[in-house]
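Listed below, chain by chain, are the residues.
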Amino acid sequence: MLYNNKQSTLSGEKNTEQEYLELVSEQYTFPGAINLLDEIDWDFKDFTTQYLTHRFHSYPARFIPQIPLTFIKLFTDEGDTVLDPFCGCGTTAVEAFLNNRNSIGNDFNPLAVLITKVKTTLIDETEFRYLNRKLSVMKRYLDLDYRRVEDRAENMPNRKISKIFNKVIISKLEAIRETLLEVKEEGHDDVYDLGRTALSSTIWALVENGNGINVDDMFLRKVKYMRGGLKETAKIVKNIPDAKAINGDARRLEVETDSVDLIVTSPPYVNALDYYRAHMYNMLWLGMDFDLFRKHEIGGHSHFIANRFRLLSEYMGDMLRSMIEMNRVLKRDKLCVIVVGNSSLEYELIESHRFFAEMAGDIGFEPIKTIHRNIDKTKKYTSADVGKIDDEYILVMQKTEDAGITADNDGFVSEIVTEQMINFSEQVKRVQGTSIRGRRPTKERLLKNIERISNAIETIPQDIRIKV
Ligand SMILES: C[S@@+](CC[C@H](N)C(=O)[O-])C[C@H]1O[C@@H](n2cnc3c(N)ncnc32)[C@H](O)[C@@H]1O
């Protein structure tokens, strides 16, 4: 695997992109590679992040490719298997693919799975020629069956942005959708999925920009760009690795026990972002069930309005289950890397990486390192509750033994989450007003928070149960 323990010459200096690539492409022993993690400038300021298939589709709170790339290069060999149980738009899977490693990308969001699949599936040029023929005769408006357009307009989710979808735009999107359905009926699944991803990416641009987008031109440009991205990727990839994209729950992974060589993932944050909201319109057009996703989404914040700290115990329970599953599927001695930022609840700072590191010891993981990194200001993402996310933590853990427990063990989950919530409550009492970015709770709110946390502890056994 990794041979000599080469000393880096970059200590204390900023890594340029080229130096960084050379550094991580060397061979190291396991301890050497672990030490090297301290040499890397994790801010990756001004590094190129949107290359090849990474640019196919926007996705909130994605991580930069250099994070998975570093661990893939340093801790796996060609032919190994890399897993991301919360794969989002597939950043880890793409890096595994480009570096000739097999990958498993899992996400409960069906749109995430579609994007991941498309980014890691090479398509033959003859299929693109077929798709282009279909698209060249695509109607630019759906003027025959106006009733369906009316129906769609009436059934749009009622949010401020729904007015962007006027009847002309709906009619164009429907025309694209219809053409793609023909592609599917004619049995060309890979270009059908690629077309759906291009359609979704077009809808995303529409939602982001308000209006003023020529929908069908943008869609055709996206298809062309994707064709180019896959063509370039094909030149890099040697023996096409196996890339699985699974639409599943990270708390119940459909992945074989002891089969994975590395996990690199960034789970949802507590109380930061509802993915189902972000993707509602895309999913609607692709005929995906966003209500089902909403029910199983970890970290969503549209419930427990009266006591936000119940969200925290629910989140910790969900993450503990996911970590037990990560332990199960990982081979012994291999690494599990979790990237997460801080969030806040009722002005109290929530340092998720600390919770994860503490729970790790109870389920067969040994935390090895926590790396802090600043997020490039052009790549930050904003959450209504937390504000701009400026920095994040990379928690590096090693599987030292089997968890000895299954992820569906409510009693165990309840016990560990209770321990964590009691610690959290002590911390809130001890360090008064540990809020994110200096927003401190008033004395009154602090007392209320202590009471709310203690109430949340009472309801842990019911709050950690997986909703069906
Ligand atoms: C921070 S994002 C991951 C972004 C990813 N690293 C990337 O680069 O695109 C977290 C992901 O967790 C997913 N998620 C939420 N609940 C889940 C669950 N129960 N099982 C699996 N995935 C879930 C969301 O759909 C979202 O894609």
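The rules we used
Residues numbered from 1 in each chain as written. Predicted model: local features only at pLDDT ≥ 70, side-chain atom pairs only at ≥ 80, totals over all residues. Heavy atoms only, no water. Axes fitted to C-alpha atoms, helices over the stretch in contact; angles between N-to-C directions. Helix = DSSP H or I, 4+ residues; strand = E, 2+ residues; numbered from the N terminus. Contact = heavy atoms within 4.5 Å. Nonpolar A, V, L, I, M, F, W, Y, C, P; charged D, E, K, R; others polar. Expected span 1.5 Å × (residues − 1). Buried < 20%, exposed > 50% of the residue type's maximum accessible area, 1.4 Å probe, protein only. Polar contact = N/O pair within 3.5 Å; in protein donor to acceptor, adjacent residues only side chain to side chain. Near = heavy atom within 4 Å. Areas by Shrake-Rupley, 256 points an atom, 1.4 Å probe, with all protein chains shown as cover. Parallel < 35°, antiparallel > 145°, perpendicular 65-115°, else oblique. Phe/Tyr/Trp six-rings, centres within 6.5 Å; stacked < 30°, edge-to-face > 60°. Lys NZ or Arg CZ within 6 Å of the ring centre and 35° of its normal. Arc of directions from axis to C-beta. Salt bridge = Lys/Arg side-chain N within 4 Å of Asp/Glu carboxyl O.

Draft legend 1. Seen up close, the packing of helix 8 (residues 167-185) against helix 10 (residues 215-236). The interhelical angle for the contact between helix 8 and helix 10, taken along N-to-C directions, is 35 degrees, at an axis separation of 9 Å. Judged by residue contacts, I169, K172, L173, I176 and L180 of helix 8 engage V215, D216 and F219 from helix 10. Of the residues that constitute the contact of helix 8 with helix 10, the class distribution is six nonpolar, no polar and two charged.

Draft legend 2. Here's a closer look at helix 8. Helix length check: helix 8 (19 residues) gives 26 Å between terminal C-alpha atoms against 27 Å at 1.5 Å per residue, within 8%. Within helix 8 the residues assigned to the buried category are I169, I170, S171, K172, L173, E174, A175, I176, T179, L180 and V183. Where helix 8 begins, the capping side chain belongs to N166, and its oxygen is found 3.1 Å from the backbone nitrogen of V168.

Draft legend 3. Structural context of the site of the ligand. Lining the immediate surroundings of the ligand are 25 residues, of which Y59, C89, T91, D107 and S266 lie closest. Between D107 and the ligand, the recorded distance is 2.7 Å, taken from a side-chain N or O atom to an oxygen atom. In this structure, D249 approaches the ligand through a side-chain N or O atom, which is 3.1 Å from a nitrogen atom. Computed on the free molecule, the ligand has an accessible area of 600 Å², of which 100% lies beneath the protein chains in the complex. When contributions to the shell around the ligand are tallied by element, the ones reaching two or more residues are strand 2 (102-107) and helix 13 (290-296).

Draft legend 4. Expanded view of the packing of helix 1 (residues 17-25) against helix 3 (residues 66-75). With their axes 8 Å apart at the nearest point, helix 1 and helix 3 run at an angle of 30 degrees to one another. Classified by the angle their axes make, helix 1 and helix 3 are roughly parallel. Mapping the contact onto sequence places E17, Y20, L21, V24 and S25 in helix 1 and Q66, L69, T70, K73 and L74 in helix 3. Across the contact of helix 1 with helix 3, the residue classes break down as five nonpolar, three polar and two charged.

Draft legend 5. How the structure looks around the packing of aromatic side chains. Across all of its chains, the model carries 14 aromatic pairs by this definition. Between F355 and F424, the ring centres sit 6.1 Å apart and the planes meet at 70 degrees, which makes this aromatic pair edge-to-face. Taken together, the positions of F355 in helix 15 (residues 352-360) and F424 in helix 16 (residues 410-430) put the pair 69 residues apart, joining distant regions of the chain. Overall, the relative accessible area of 2% leaves F424 in the buried class. The residue whose ring lies beneath R55 is Y225, and the NZ or CZ to ring-centre distance is 4.4 Å.

Draft legend 6. Fine view of helix 17 (residues 443-458). Relative to the 22 Å expected for 16 residues at 1.5 Å per residue, helix 17 spans 23 Å between its end C-alpha atoms, a close match to the ideal helical length. What helix 17 keeps buried is the set L446, N449, R452, I453, A456 and I457. Within helix 17, the buried residues cover an arc of 140 degrees as seen down the axis, which keeps them to one side. Of the exposed residues in helix 17, the ones pointing more than 90 degrees away from its buried face are K443, E444, L447 and E458. Buried-residue contacts for helix 17 involve helix 14 (309-329), strand 7 (348-350), helix 16 and helix 18 (460-463).

Draft legend 7. Broad picture of the pattern of salt bridges. Under the counting rule described, the total for this entry stands at 29 salt bridges. Residue E78 pairs with K238 through a salt bridge whose shortest N-O separation is 3.1 Å. Highlighted residues: E78 in the loop between helix 3 and strand 1 (81-84) and K238 in the loop between helix 10 and strand 3 (243-247), separated in sequence by 160 residues. Accessibility expressed as a relative area gives 54% for K238, which makes it exposed. A salt bridge links R452 to E346, with the shortest nitrogen-to-oxygen separation between them at 3.8 Å. Taken together, the positions of R452 in helix 17 and E346 in the loop between strand 6 (343-345) and strand 7 put the pair 106 residues apart, joining distant regions of the chain. Taken individually, R452 and E346 each receive the classification buried, so the pair is uniform in this respect. The structure contains a network of salt bridges with shared partners spanning K117, D190, D193 and R196.

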